[in-house]
Amino acid sequence: MATPNFLWSLAKKYLTAGLIGLTISDRYASFMAIRGSSMSPTLNPHGKDSTGFVLGKFAILLIFASFFYFYPFLVLRSPSNYKEKYVKRIAALPGDWIHVPSSDTVRVPEGHCWVVGDNAACSTDSRSFGPIPLGLICGRVTHVVWPPQRIGRVNGEITMFPEENIHVLGEHID
Amino acid sequence: MHVTQVAKIKIPKSYNLVLLFSLSSKKNPILHLLVLTRRIKGEKKVAYPHPLLGAINGNKIETMRAAKLLQYARQWRSTAKEVFDHSILFAQFLSILHLTDTYICSPTLVYGPSMLPTLNFTGDVLLVDKLSPLLGKVGTGDVVLVRSPENPRKTITKRVLGMEGDRVTFLLDPAHSARSHSLVVPKGHVWIQGDNIYASNDSRHVGPIPYGLILGRVFCRLSSGNMYGHLGTLDHWDNDSDENCNCN
């Protein structure tokens, strides 16, 4: 009987697979479910429970800030609760000026960015907590994978800003 | 398949007839290849073409070619298996390295004047515990490694002087005046400050920072000049932190 040996080799195989899988999901890409309707027209349109996504991690991409214009959907840690993650659209980069109707024109400080949800009515975003540090960003959304009829790349073009009265006034006025 | 022909060949008892391949080539449209395995107790079955194969096809060259092909396939298979095993081992090694670095602890070199009595100006190698920020166990008085809110490519080392909900009092400009200011740290944020209040760019300038920016808790100094071992001064300095700020 070689049962203990067999079990041991099976356990080793699973451990290896787990280690490698965890590393890949940590460094390169992983799946994530999205709840809530803060990005409603673009992602999760019917407000149903969950939508799966693959995220590209970008430790390197932070270097190319202009990259954000092509992949504007970000996954970021919530500034008020480090365990929560938000998916938002990036609206302004460091140095941009942003006009917020509730207050004055705000300049996004160095190392921060301005994020907004597509559904302005029910979205917690920079309009409530201000610009967030770039260090809180932990990935970008590239593909929709779960509802099978919506599989495909996320449409990343900036055709409209979520609200007409928020617009970037000028780029990199230093 | 020419099973009848096979039946004409005398097969020794220790061989098992297993497969009858059909290989096709341009010259000889169909070549039947008989593969036998030898039954040896305790060993894996090894497939190899029987020398009598020539008798089946009546074409010795084709048979030899087929045999060679089979041999190559066998060799290639073992090589591929070896390569696969080695690459898995390598990937496993890299993953363990990455996971240790991300979730358990990692060495970091820090330098600069902002933590001066505790850490050297010229550089210290510190061991950073990555697990406690994930579990939410960072508390007041810990020295933490923080991703700089002003430049996400930089990390800074500061001391936590207030958790969410704490009231923090700090000097606005310690070098010139004794004017102080106090505020309550908002939800999900921490107040960080350098030990050297005269030369430190910290929460007094950028405000409270989100907890999510904390990368790790410093728990051990690996080297500082000729000093090795546990951070004695770190613990000693905890008692004096009230000089810098009052936390209720």
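With an unreviewed UniProt entry as reference, chain B is termed Peptidase S26 domain-containing protein, source organism Buddleja alternifolia. Turning to chain B, the UniProt annotation filed under Subcellular location (unreviewed entry) states: "Mitochondrion inner membrane". Of chain B, the UniProt comment under Subunit (unreviewed entry) reads exactly: "Heterodimer of 2 subunits, IMP1A/B and IMP12."

By the naming in an unreviewed UniProt entry, chain A goes by Mitochondrial inner membrane protease subunit 2 and is assigned to Buddleja alternifolia. For chain A, the Subcellular location (unreviewed entry) comment in UniProt is given as "Mitochondrion inner membrane".

Participant: Hey, could you go over the interface of chain B and chain A for me, with residue numbers and the actual values?
Facilitator: Quoted interface sizes are often the accessible area lost when the parts come together. Counting from both sides, the interface comprises 25 residues of chain B and, opposite them, 21 residues of chain A. Taking both partners together, chain B and chain A bury about 1900 Å²; carbon and sulfur atoms supply 66% of that area. Seen at the junction of chain B and chain A, the total is 0 salt bridges. Those elements that place two or more of their residues in the side of chain B that touches chain A are α3 (60-104) and α4 (131-135) of chain B. Of all the elements, α3(B) adds the most residues to the side of chain B that touches chain A, at 9 residues. Split into classes, the residues belonging to the side of chain B that touches chain A amount to 13 nonpolar, 8 polar and 4 charged.

Participant: Describe the confidence of the model for chain A, listing the residues and the values that go with them.
Facilitator: Residue and element names in this part refer to chain A. Confidence along chain A averages 72 in pLDDT terms, with 68% of residues attaining 70 or more. Averaged pLDDT values over the elements of chain A bottom out at 54 in strand β2 (residues 52-56) and peak at 89 in helix α1 (residues 3-27). pLDDT under 50 marks residues 57-66. Its contacts with residues more than four places away, or in other chains, come to 21 contacts. Note on residues 158-174: pLDDT is under 50 here. Beyond four places in sequence and across chains, it has 38 contacts.

Participant: Can you break down the UniProt feature "active site" (unreviewed entry) in chain B residue by residue, with the values?
Facilitator: All names here are of chain B. The UniProt record annotates "active site" (unreviewed entry) at S114 and K158. Annotated residues spanning 45 residues; largest pairwise C-alpha distance 7.8 Å, indicating a single compact cluster. Position of S114 among the secondary structure elements: in the loop between β4 (105-110) and β5 (124-129). Its relative accessible area of 15% is what places S114 among the buried residues. Its location among the elements puts K158 in strand β7 (residues 155-162). Setting aside chain neighbours within four positions, we find K158 in contact with S114, M115, D142, V143, V144, I192, Q193, G194, S200, N201 and D202. Separated by 3.0 Å, the side chains of K158 and S114 make a polar contact.

Participant: Break down the packing of aromatic side chains for me, with residues and values.
Facilitator: Enumeration over the complete set of coordinates arrives at 3 aromatic pairs over all chains. Plain terms: the ring middles of Y82(A) and Y211(B) are 4.3 Å apart, the flat faces sit at 40 degrees to each other, and that makes the pair tilted. With Y82(A) in the loop between β3 (73-77) and β4 (85-92) and Y211(B) in the loop between β11 (209-210) and β12 (214-224), the pair connects residues from two separate chains. In this pair, the class of Y82(A) matches that of Y211(B), namely buried. Between the aromatic rings of Y86(A) and F129(A), the centroid separation amounts to 6.4 Å while the plane-to-plane angle is 15 degrees, which identifies the pairing as stacked.

Participant: So what's going on with the nonpolar core? Residues and values would help.
Facilitator: Membership of the largest hydrophobic core comes to 24 residues, with the highest contact counts inside it found for V146(B), V190(B) and I192(B). At the level of elements, β3, β4 and β7 (112-116) of chain A together with β6 (143-147), β7 and β10 (189-193) of chain B are the ones that each hand at least two residues to this core. In contact with V190(B), other than residues within four places in its own chain, are V160(B), G162(B), M163(B), V185(B), S203(B), P208(B), I209(B), Y211(B) and I214(B). Among the nonpolar cores identified, the runner-up in size contains 10 residues, and M32(A), M39(A), V75(A) and V87(A) belong to it.

Participant: Please give an account of the environment of V154(A) that cites residues and values.
Facilitator: Among the secondary structure elements, V154(A) is positioned in the segment after β10 (152-153). Put simply, V154(A) and V144(A) are 10 residues apart on the chain and 6.3 Å apart in space, counted from C-alpha to C-alpha.

Calculation rules
Residues numbered from 1 in each chain as written. Chains lettered and ligands numbered in written order. Predicted model: local features only at pLDDT ≥ 70, side-chain atom pairs only at ≥ 80, totals over all residues. Heavy atoms only, no water. UniProt positions renumbered as here; feature names shortened; annotations may be inferred. Contact = heavy atoms within 4.5 Å. Buried area = accessible area lost by both parts, 1.4 Å probe. Salt bridge = Lys/Arg side-chain N within 4 Å of Asp/Glu carboxyl O. Helix = DSSP H or I, 4+ residues; strand = E, 2+ residues; numbered from the N terminus. Nonpolar A, V, L, I, M, F, W, Y, C, P; charged D, E, K, R; others polar. pLDDT = per-residue confidence, 0-100. Buried < 20%, exposed > 50% of the residue type's maximum accessible area, 1.4 Å probe, protein only. Polar contact = N/O pair within 3.5 Å; in protein donor to acceptor, adjacent residues only side chain to side chain. Phe/Tyr/Trp six-rings, centres within 6.5 Å; stacked < 30°, edge-to-face > 60°. Core = buried A, V, L, I, M, F, W, Y, C linked by side-chain atoms within 4.5 Å.

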